[in-house]
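Working through the structure, step by step
For reference, the chains in residue letters:
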Amino acid sequence: MYRKIKYILIIFFTFLMTYSCDEKLIILPEKVKISADFVSFATPSGSHYSGGTASHTIQIKNTGNARWKFWIGCSVRDKSGAWYDIPVDTVTLNPLETSKQIGMSWIVPSDKIIVSGSYLSRAAIWISDPSQPGAVQLSMEEISEAFEAFNFIDDFNNLDNTRWVVSHKLSPGFGRFNRANVFVEAGVLNIKFPKLTKDGGEIKTVAPAKYKYGSYRASVKTPMQLPGTYTTIFLYESANLDEIDIEIWNDGSGKVDFNTWVKGVQKFSSQVVLPFNPGEQFHEYRIDYYPDEVSFWVDNVKLKSTVDISQIPTTITNIYLSGWWPKWMTGEAASTDNFALYEWVKY
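Think of each chain on its own: its residues are numbered from 1, step by step along the sequence as written. Selection of residues for local features in this predicted model requires a pLDDT of at least 70, selection of side-chain atom pairs for listing and counting requires 80 or more, and totals for whole chains, interfaces and linings are taken over all residues. Hydrogen atoms and water are omitted, and side-chain values are computed over all heavy atoms in the structure.

This part is about the overall build of the protein chain. Helix and strand counts for the protein chain stand at one helix and 25 strands. Across its three principal axes, the protein chain shows a C-alpha extent of roughly 110 × 40 × 35 Å. Accessible areas in this description were obtained via Shrake-Rupley with a 1.4 Å probe; residue shielding takes into account the shown protein chains only. As displayed, the protein chain has an accessible area near 16900 Å², and 53% of this comes from carbon and sulfur atoms. Looking at charge distribution, the protein chain has the averaged site of its 34 positive side-chain charges lying 6 Å from that of its 37 negative ones. We count a stretch as a helix when DSSP gives it H or I for four or more residues in a row; a strand needs E for two or more, and each element gets its number in order from the N terminus. Two residue types count as positive, namely Lys and Arg, and two as negative, namely Asp and Glu; His and chain ends fall outside the count. To locate a charge, the coordinates of NZ of Lys, CZ of Arg, CG of Asp or CD of Glu are taken.

As a further point, take the sheet that holds strand β19 (residues 255-262). Reading across from one edge, β10-β15-β24-β17-β18-β19-β20 is the order of the seven strands in this open sheet, with antiparallel pairing throughout. Looking at the sheet topology across the chains shown, the edges are occupied by β10 (164-166) and β20 (265-273). Going from strand to strand, the sheet's axes swing by 15° on average, the running direction of each strand aside. Here the rule is simple: two strands pair whenever DSSP picks up at least two bridges between them. Here strand β17 (residues 230-237) runs beside strand β18 (residues 242-249); their pairing, made up of eight bridges, is antiparallel. Of the residues in β18, the one forming a bridge with tyrosine 230 is tryptophan 249. Axes here mean lines fitted to C-alpha atoms, for a helix over just the part in contact, with angles spanning 0 to 180 degrees between N-to-C directions.

Within the largest apolar cluster, 43 residues are counted, with the highest numbers of intra-cluster contacts made by Ile246, Tyr285, Tyr289, Leu321 and Tyr342. If near-sequence neighbours (up to four positions away) are discounted, isoleucine 246 is found in contact with Thr231, Thr232, Ile233, Phe234, Val256, Asp257, Phe258, Tyr285, Arg286, Ile287 and Phe296. Residues belong to one nonpolar core when they are buried, are Ala, Val, Leu, Ile, Met, Phe, Trp, Tyr or Cys, and are joined through side-chain atoms within 4.5 Å. When accessible area is computed with a 1.4 Å probe and restricted to protein chains, residues below 20% of their type maximum are described as buried, those above 50% as exposed, and intermediate ones as partly exposed. Of all hydrophobic cores here, the second largest spans 29 residues; its members include Ala66, Trp68, Ile86 and Val91. Any two residues whose heavy atoms approach within 4.5 Å at even a single point are treated as in contact.

This next bit is on the environment of aspartate 337. If you trace the backbone, aspartate 337 turns up in the loop between β24 (318-324) and β25 (338-346). Judged by its relative accessible area of 33%, aspartate 337 is partly exposed. C-alpha separation for the pair aspartate 337 and threonine 197, spaced 140 residues apart in sequence, amounts to 9.4 Å. If we ignore the near neighbours within four places in the chain, the residues touching aspartate 337 are Lys192, Phe193, Pro194 and Lys195. Polar contact is the term for a pair of N or O atoms within 3.5 Å; when the atoms are in protein, one must be able to donate a hydrogen and the other to accept it, and sequence-neighboring residues count only if both atoms are side-chain atoms. Of the polar contacts made by the side chain of aspartate 337, one reaches the backbone nitrogen of lysine 195; its length is 2.8 Å.

A separate point is the packing of aromatic side chains. Whether two aromatic rings pair depends on their centres lying within 6.5 Å, for rings of Phe, Tyr and Trp, where Trp uses its six-membered ring; planes under 30 degrees apart make the pair stacked, over 60 edge-to-face, and the rest tilted. For the structure shown, the criterion picks out 21 aromatic pairs. Judged by centre distance (6.1 Å) and plane angle (55°), the rings of tryptophan 106 and phenylalanine 147 are tilted. Note that tryptophan 106 is positioned in strand β6 (residues 102-107) and phenylalanine 147 in strand β8 (residues 137-150), a separation of 41 residues in sequence. One aromatic cluster in this structure is built from Tyr84, Trp106, Tyr119 and Phe147. Any Lys NZ or Arg CZ found within 6 Å of a ring centre and within 35 degrees of that ring's normal is scored as a charge over the ring. We note lysine 346 situated over the ring of phenylalanine 150; from NZ or CZ to the ring centre the distance is 4.6 Å. Positioned above the aromatic ring of tryptophan 344 is the side chain of lysine 346, whose terminal nitrogen or guanidinium carbon lies 5.4 Å from the ring centre.

A side-chain nitrogen of Lys or Arg and a carboxyl oxygen of Asp or Glu constitute a salt bridge if their distance falls within 4 Å. Scanning the model with the defined rule gives six salt bridges in all. The shortest N-O distance in the salt bridge between glutamate 148 and arginine 217 comes to 2.9 Å. Taken together, the residues span a long stretch of sequence, with glutamate 148 in strand β8 and arginine 217 in strand β16 (residues 214-221) at a distance of 69 residues. In terms of burial, glutamate 148 and arginine 217 fall into one category: buried. For aspartate 154, the salt bridge is made with arginine 163, and the minimal N-O distance between the two is 3.2 Å.

Take the sheet that holds strand β2 (residues 47-49) next. Sheet strands associate in pairs through backbone hydrogen bonding, adopting either a parallel or an antiparallel arrangement. Spatial strand order, β2-β8-β7-β4-β5: five strands in an open sheet with mixed pairing. Of all strands in the sheet, those with a lone pairing partner are β2 and β5 (83-93), marking the two edges. In this sheet, neighbouring strand axes are inclined to one another by 35° on average, regardless of whether the strands run parallel or antiparallel. In this sheet, β8 lies alongside strand β7 (residues 117-126) in antiparallel orientation, the contact comprising nine bridges. Looking at β8, one finds that tryptophan 126 is bridged to glutamine 137.

Here the focus is unusual backbone geometry. Residue proline 208 is bonded to the preceding alanine 207 through a cis peptide linkage, with omega at -5°. Positionally, proline 208 belongs in the loop between β15 (201-205) and β16. Phi is positive for glutamate 145, close to 45°, though the residue is something other than glycine. Take glutamate 145: it is sitting in strand β8. Phi angles above zero are rare outside glycine, and aspartate 299 is one such case at about 50°. Relative to the helices and strands, aspartate 299 is located in the loop between β22 (293-298) and β23 (301-306).

The next point concerns the side chain of aspartate 78. Structurally, aspartate 78 can be placed in the loop between β4 (68-77) and β5. No salt bridge is formed by the buried aspartate 78; the nearest opposite charge belongs to arginine 77, separated by 6.5 Å. Side chain to side chain, aspartate 78 and serine 80 meet in a polar contact 2.7 Å long.

The subject of this paragraph is the side chain of aspartate 242. Structurally, aspartate 242 is set in strand β18. One buried charged residue, aspartate 242, remains without a salt bridge, the closest side chain of opposite sign being lysine 263 at 5.2 Å. Within polar-contact distance, the side chain of aspartate 242 engages the side chain of threonine 315 at 2.8 Å. Residues in contact with aspartate 242, not counting those within four places in the same chain, are Leu235, Tyr236, Glu237, Trp261, Val262, Lys263, Pro313, Thr314 and Thr315.

Okay, here's the thing in structure tokens:
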């Protein structure tokens, strides 16, 4: 009699274990193993822009001995530490069964400015709904620098006056920033150094300042030989005098200055000599600005950085592109026009 009752109880609990996972009631009899692991976790690659889709695919295997409904979570994190959760998905698997590929996509926000640059992707398998207290995580995989996300790329098919304003004023060095020296031609932004003058040009993002942490990049070609001038990409906010600079010498030497300023005081300064003339062809120049590090890159190579937080600005900023004549450099006005060229800028 007792043996018969024991046999009936085993059948009863096995029945509950098999089907209750699809309901809210979960009963774990003895010797039942609930486990799962990743078969594959593929993250998006390349660059993704505002409103675009960064798609992940996940495949898991039920490594336990009971049929179970597993919860799959996926999240991405920017380099300032902010997380974005993709809505969870579920899959029910028999013991040792492998799932189909599960797609999980993050839509790059278009209703706000994100921290641009590289993103980390993380996937997790849960025994129950991870939004509920007490949920147990069974497995997790994480891929750093899985993909890149940006708010915009400006290819300069035109000069977008919703993004840029052209300066028309005295420069901080010799001469003036003249509106006539800034124009777009054949998909390239031109900043002209007019012959027989020490004038230049500048554009900046429209007020109010709204950019902060992220990766700022530009494809730039300087004049071949115009000693006494800079071609720049820099971040600046006039109210707080915070600034991060890339300043390329236009004398063919390959010199580039990297600087940070906090409240008008220079905090970091370094110069490198590139192994090429920046006027021969386009190269990518990049500022990565994050709460714990500012780094300077050329052609995807990190050249200088600072992790000293006293050297890192903390305010929102504008993006500037300019060509000008600093007073601390020596050089004569040229007999022909020269140009700083920008193929694209992205943030």
